[in-house]
Amino acid sequence: SKSLSDEENLKLFGKCNSPNGHGHNYKVIVTVRGEIDPVSGMVINLTDLKEYMQEAIMGPLDHKNLDKDVPYFAEVVSTTENVAVFIWENLKKLLPMGTLYKVKVYETDQNIVVYKGEETI
């Protein structure tokens, strides 16, 4: 985080705090919801969903240094939580309104983030 000192970053992020960066093999699961089309039997055509995921996730993030190669993360800390928000926002722009339900991002088998967008109470 640019707003923290080197010592604070080390304490907060531990081994993930490296001036040279480090990598993850994130796994992303996207859940959609909506009316099932009586003809296709799908909420959304899976071929279309794969194309949306390619554009929203793989294109901007795959094999990238998030902090250096993705403009969004120039001002936002590249935590898994913020990766999930980034994916949500990108997919929401592409998917039919109201169909995006959940984005689940696995940093590791034990570190998982689920994001469902901003919910109001």
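For the structure, see preceding data.
Since this is a predicted model, take the numbers as computed values, not measurements. (Residues numbered from 1 in each chain as written. Predicted model: local features only at pLDDT ≥ 70, side-chain atom pairs only at ≥ 80, totals over all residues. Heavy atoms only, no water.)

**Things to note about the environment of Val114**
Then step 1. Here Val114 lies in strand β3 (residues 112–115).
Then step 2. A relative accessible area of 45% means that Val114 is categorised as partly exposed.
Then step 3. The spacing of Val114 and Lys104 is 10 residues in sequence and 4.4 Å in space, taken between C-alpha atoms. (Helix = DSSP H or I, 4+ residues; strand = E, 2+ residues; numbered from the N terminus. Buried < 20%, exposed > 50% of the residue type's maximum accessible area, 1.4 Å probe, protein only.)

**Remarks on the packing of aromatic side chains**
Then step 1. Per the stated rule, a full pass over the model turns up four aromatic pairs.
Then step 2. Judged by centre distance (4.9 Å) and plane angle (85 degrees), the ring pair of Tyr72 and Phe73 falls under edge-to-face.
Then step 3. Relative accessible area serves as the criterion here: at 3%, Phe73 is assigned to the buried category.
Then step 4. An aromatic cluster of at least three residues, connected via ring pairs, comprises Tyr72, Phe73 and Phe86.
Then step 5. Directly above the ring of Tyr106 sits Lys27, whose terminal nitrogen or CZ lies 4.6 Å from the centroid. (Phe/Tyr/Trp six-rings, centres within 6.5 Å; stacked < 30°, edge-to-face > 60°. Lys NZ or Arg CZ within 6 Å of the ring centre and 35° of its normal.)

**What about helix α4 (residues 80–94)?**
Then step 1. Between its first and last C-alpha, α4 extends 21 Å over 15 residues, near the 21 Å set by a 1.5 Å rise per residue.
Then step 2. Of all the positions in α4, only Thr80, Val83, Ala84, Val85, Phe86, Ile87, Trp88, Asn90 and Leu91 are classed as buried.
Then step 3. Of the surrounding secondary structure, the elements contacted by the buried residues of α4 are β1 (27–32), α2 (46–61), α3 (66–69), β2 (100–106) and β3. (Expected span 1.5 Å × (residues − 1). Contact = heavy atoms within 4.5 Å.)

**Notes on the sheet that holds β2**
Then step 1. The antiparallel open sheet is built from three strands, whose spatial order is β1-β2-β3. Of all the strands in the sheet, the pair left with one neighbour each is β1 and β3. Ignoring strand direction, the axes of neighbouring strands in this sheet form an average angle of 15 degrees.
Then step 2. In this sheet, β2 lies alongside β1 in antiparallel orientation, the contact comprising six bridges. (Pairing = 2+ DSSP bridges. Axes fitted to C-alpha atoms, helices over the stretch in contact; angles between N-to-C directions.)

**Observations regarding the pairing of β2**
Then step 1. For β2 and β3, the ladder comprises four bridges, and the chain directions are antiparallel. Paired with Val105 across the strands is Val113, a residue of β3.

In short, shape yes, function no, at least from these values alone.
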